[in-house]
Structure formats: structure tokens, C-alpha cells
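Chain and residue survey
Residues per chain, in single letters:
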Number of protein chains: 2
Amino acid sequence: MNKTPSPKVAARGPVDHEVRDQIVTAATEHFRLYGYEKTTVSDLAKAIGFSKAYIYKFFESKQAIGEMICSNCLQQIQADVRAAVDEVDSPPEKLRRMLKALVESCLRLFFLDRKLYDIAASAASGRWPATLVYEAFIEQTISDILQQGRQSGDFERKTPLDETTRAIQLIMRPCFNPLLLQHGLDTTDEAPALLSSLILRSLSP
Amino acid sequence: MNKTPSPKVAARGPVDHEVRDQIVTAATEHFRLYGYEKTTVSDLAKAIGFSKAYIYKFFESKQAIGEMICSNCLQQIQADVRAAVDEVDSPPEKLRRMLKALVESCLRLFFLDRKLYDIAASAASGRWPATLVYEAFIEQTISDILQQGRQSGDFERKTPLDETTRAIQLIMRPCFNPLLLQHGLDTTDEAPALLSSLILRSLSP
């Protein structure tokens, strides 16, 4: 039986964000098992034990749920990268850590059992808002590290900062964009170290 | 009516490689219009006007035809890259030309009207032999340019040649592998110049 709350229950029921979290948690598990693309809101409602109408009270579409899941995942990657970068002081080492953390975190979240890969793929190809925030975070992190390295004298200062930032972001793309990463799973062992070393050579003063 | 030659025609008929070429030419056109994945050998036979059995005399499978088409395409890209690299003498300029020619040639062959993209995608994901030859060519071309640049004093010599070659090949991958290139079509204007410049900075002595 569907657990749509009766008006009485709703009055003293859980607050909205709790229900939203509950839906997102259940949907994450369901998408993990059956895939995002193949699941409809009806499937989801049945699996969670809510009515479809009740889910639509909190999310306007399947994509809205997917966006929330995707946003959680990408925020996790951003937190992992931030932690890895903050762990060390030297800008060159920060750059190495950043690339390594990006690859490891993306692999864990999107490719371990291919769990949430198809949400990430839809997000990346549909350019969902969470993807844009994620890409802006990566760009900003690169730019911050570069500025610190220019200040400390570790990195050259001749090339315009924007140009260097953009070039490094392009080089890192196959490591942080799940659509590209899926075709480079055989290179994830060697890529972070090789790419970091080449980038660092390009930055030498 | 199927144009399968009668024994008499076959006796003084076209030599094998001519028939093979004829099949490949017709199949290329057919795949361009209807896609490789969706076309069967029966569709192909009907379209060309040969019997299915006659096609199987020359190619053991649809993939064998696809491999020939793909091999022709990849050879074309290799010829374009070779011509672009040979046009100039300076190793840094050779490297710039290589990357530019790779992107332009791949775009023209695989993405103009998405023509032969799905053959290229099958080839790349199935690691068909032509793909391996193509990748080996790219690796060799990078290595040759690096050696010339080390000889001329344009490039540094401290980093092991293998390591530099491999790192540059990884950076170029999104430009020459159609599976990756399809997700970077919005970056093909800026990527060759930005990446070449960064690579060249990394190679400075």
C-alpha cells in the first residue's frame, strides 16, 4: 500500500526537506540497482512505497531527483579534492594531489559497480546545473593553485593566468568528466602521475 | 535481381580486390546514410545488389567490412597528419601541426554529418586492429618529433623519452580518439592551440 500521508499525518508529519532527503536516498539506491535511464517515476514510487503524486509534490520530474543525487555526488568529489589540496602546502604538490583525488573520487563514485554512472552521464551531456558548478569549482581550484605557485616562485608568470588555467582544465577533463573517463579506464593508473609531471614541467619558471 | 555473377562471368570477371573495393565503396555510402550499427549484411546485400552469399565470399562478417572502411579512414587521418608534420622543419612547429591536423582530420571524417562516426566508435571501443595501428602511428610520430627536437636543442632531454611520449599521447587522446572527441566538440576550436602551447612549455630545455 502506498504510504502517502493522510492530511492528519501531513500536519504533524516530517518537514519537507526530510521527505526530500528520504526520496533522494531511496532513489539513489534504486538507480544504483536498476540504472537512472531505465527507471521511471512510477517505478520509483512503487519501490519507495510512495504514490507518484506524492513524489511530484517534492520533485517536478525524475531529472529533478537525478539532479539532486548528481549534485550530492559532485559535492562529494569537490570535498575530496579540497581536502587533498589543503593537506599540503607546496603548490606543485597541491596540483598533483588535485588530479589524483579527482580521478580516485570519480572512479569511486561513478564507476565502482558502475553505480551512478548513468546519472553522471546524463548530467554531463545535458549540462545540468550541478555539472556547471563542478566545472567552475575545478577551474577555480586550478586558478588558485596557479596563483599560489606564482606567488611562491614555484611557477612561471609569463603565460596569462587564464590561458594556463584553461589549458590545464582541458588536460584534466578526461579525468573528471565521467563521459570521457569511461573511455579511459585503462589509463587511470598512469594518467594522474604522467599528466601532473608534464603540467608541472610546463609551469617551471 | 541480385547481380551475383554466373560462373561464366566470374571466370573473366573482375579480380577479387576490385570486388572487395566495390563492396567497401558501396558499404561506406550505405553506412554513411543509415549507420553502421543498424545495418545488417542482408540490408547491405540488398542495397548493393549482390547476394548475401556473394558478399560473404569476400568478407567474413559485417565487422570485416567495417574494419576495412575504418582502416581507410584512419589511414587518411595518418596521411593528413604526416603531410602536416612534413610541411615544416622546426620540431615545435611539427608538434603544433600534428595536433591541429589530427583534430581537423578526425572532425572531417567522423563528425561532418556524423557520417562514419559509429564505425569509428565501434572500432575504438572494440579495439579493432586498425585502431591499434593508428594509435601506434600517433605514438611513433610524437616520439620522432621529440627526438628531432632533442637533437636540435629545442626540447629538454632530462625526462625519459618514453615518459614524455606517453604523457603527450594521453593529452592528445581527446583529440584523436573519436569516443572522446564526441564529448569535446565544443572545445575543438581552442584545444589544439592551448594544448600545443602547454606541451611546448613543458618541453623547453
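Residues numbered from 1 in each chain as written. Chains lettered and ligands numbered in written order. Predicted model: local features only at pLDDT ≥ 70, side-chain atom pairs only at ≥ 80, totals over all residues. Heavy atoms only, no water.

Looking up chain A in an unreviewed UniProt entry gives the name TetR/AcrR family transcriptional regulator, with the organism given as Ectopseudomonas alcaliphila.

A few points about the overall build of chain A
When you go through chain A residue by residue, the secondary structure sums to 11 helices and zero strands. Over its C-alpha atoms, taken along the principal directions, chain A stretches across nearly 70 × 35 × 25 Å. Counting over 205 residues, chain A shows a buried share of 52%. Sequence-distant contacts in chain A: of pairs separated by 6 or more residues, those separated by 24 or more amount to 71%. By element, 51% of the accessible surface of chain A is carried by carbon and sulfur atoms, the whole surface being about 10000 Å². When the 25 basic and 26 acidic side-chain charges of chain A are each reduced to a single mean position, those positions are 5 Å apart. (Helix = DSSP H or I, 4+ residues; strand = E, 2+ residues; numbered from the N terminus. Buried < 20%, exposed > 50% of the residue type's maximum accessible area, 1.4 Å probe, protein only. Contact = heavy atoms within 4.5 Å. Areas by Shrake-Rupley, 256 points an atom, 1.4 Å probe, with all protein chains shown as cover. Lys, Arg positive; Asp, Glu negative; His and termini not counted. Charge placed at Lys NZ, Arg CZ, Asp CG, Glu CD.)

A short note on the packing of aromatic side chains
Residues and elements named next belong to chain A. Throughout the structure, instances matching the rule amount to 12 aromatic pairs over all chains. Both rings, one in Y54 and one in F58, keep their centres 5.1 Å apart while their planes meet at 75°; by these two values the pair is edge-to-face. Of this pair, Y54 and F58 both sit in helix α4 (residues 52-58), four residues apart, which is roughly one turn of the helix. Each member of the pair Y54 and F58 is classed as buried. A centroid spacing of 5.9 Å and a plane angle of 85° characterise the contact between Y134 and F176, whose relative ring orientation is edge-to-face. Of this pair, Y134 sits in helix α8 (residues 129-152) while F176 sits in helix α9 (residues 161-176), and the two are 42 residues apart along the sequence. Residue F176 is classed as buried on the basis of its relative accessible area of 1%. Grouping aromatic residues by their ring pairs yields a cluster made of F31, Y36 and W128. Lying over the aromatic face of Y36, K62 brings its terminal NZ or CZ to 4.4 Å of the ring centre. (Phe/Tyr/Trp six-rings, centres within 6.5 Å; stacked < 30°, edge-to-face > 60°. Lys NZ or Arg CZ within 6 Å of the ring centre and 35° of its normal.)

Looking at the pattern of salt bridges
Tallied over the entire structure, the rule returns 18 salt bridges over all chains. The partner of E135 of chain A in a salt bridge is R127 of chain A, with the nearest N and O atoms 3.4 Å apart. By relative accessible area, which is 17% here, E135 of chain A ends up buried. Under the relative-accessibility criterion, R127 of chain A is labelled partly exposed at 42%. In this structure, R166 of chain B and E190 of chain A form a salt bridge, with 2.3 Å as the shortest nitrogen-oxygen distance. Within this pair, whereas R166 of chain B is found in helix α9 (residues 161-176), its partner E190 of chain A is found in the loop between α10 (178-181) and α11 (191-202), the two belonging to separate chains. The exposure class of R166 of chain B is partly exposed, given its relative accessible area of 27%. Taken together, the shared-partner salt bridges in this structure form one network comprising E87, E93 and R97 of chain A. (Salt bridge = Lys/Arg side-chain N within 4 Å of Asp/Glu carboxyl O.)

Here's the deal with the relation of the copies chain B and chain A
Note on the copies: chain B fits chain A at an RMSD of 0.0 Å, the axial shift is 0.0 Å, and the rotation between them is 180°. Taken together, these values place the two copies in the relation of a two-fold axis. Among all C-alpha atoms of chain B, that of S202 of chain B lies closest to the rotation axis, at 1.7 Å. (Least-squares fit on C-alpha atoms with pLDDT ≥ 70 in both.)

A word on helix α7 (residues 117-126) of chain B
Residues and elements named next belong to chain B. Of all 10 residues making up α7, seven are buried, and the element is well covered by its neighbours. Within α7 the residues assigned to the buried category are Y117, I119, A120, A121, S122, A123 and A124. Just downstream of α7 lies R127, where phi reads positive at about 50°.

Describing the interface of chain B and chain A
Taken residue by residue, the interface counts 24 residues in chain B and 24 residues in chain A. With both chains or domains summed, chain B and chain A bury close to 2300 Å², and 67% of this area falls on carbon and sulfur atoms. Viewed at the interface, chain A and chain B are joined by six salt bridges. E156 of chain A serves as the salt-bridge partner of R201 of chain B, at 3.8 Å between the closest nitrogen and oxygen. Along the contact surface separating chain B from chain A lie six residue pairs in polar contact (both at pLDDT 80 or more). Counting residues per element, the ones that place at least two in the side of chain B that touches chain A are α9, α10 (178-181) and α11 (191-202) of chain B. Counting residues per element, the side of chain B that touches chain A draws most heavily on α9 of chain B, at nine residues. (Buried area = accessible area lost by both parts, 1.4 Å probe. Polar contact = N/O pair within 3.5 Å; in protein donor to acceptor, adjacent residues only side chain to side chain.)

Structural notes on the domain arrangement of chain A
Residue and element names in this part refer to chain A. Domain annotation for chain A reports domain 1 (7-60) and domain 2 (66-202). When each unit is reduced to the centre of its C-alpha atoms, the spacing between domain 1 and domain 2 is 32 Å. Between domain 1 and domain 2, the contact holds 10 residues from the first and 10 residues from the second. When the buried area of domain 1 at its contact with domain 2 is split by residue, V24, R32 and Y36 rank highest and sum to 58% of it. Our count for the domain 1 to domain 2 interface comes out at three residue pairs in polar contact (both at pLDDT 80 or more). In the side of domain 1 that touches domain 2, the residues fall into five nonpolar, two polar and three charged. (Domains from an automatic or database assignment. Nonpolar A, V, L, I, M, F, W, Y, C, P; charged D, E, K, R; others polar.)

Overview of the packing of helix α2 (residues 16-34) of chain B against helix α5 (residues 62-86) of chain B
When two helices pack together, their arrangement is given by the angle between the helix axes and the distance between those axes. Residue and element names in this part refer to chain B. Relative to each other, α2 and α5 sit at 85°, their axes nearing to 10 Å. Taken together, the axis directions place α2 and α5 in an arrangement best described as roughly perpendicular. Listed contacts from α5 to R20, I23, V24, A27, T28 and F31 of α2 are K62, I65, M68, I69 and N72. A class-by-class count of the residues in the contact of α2 with α5 yields seven nonpolar, two polar and two charged. (Axes fitted to C-alpha atoms, helices over the stretch in contact; angles between N-to-C directions. Parallel < 35°, antiparallel > 145°, perpendicular 65-115°, else oblique.)

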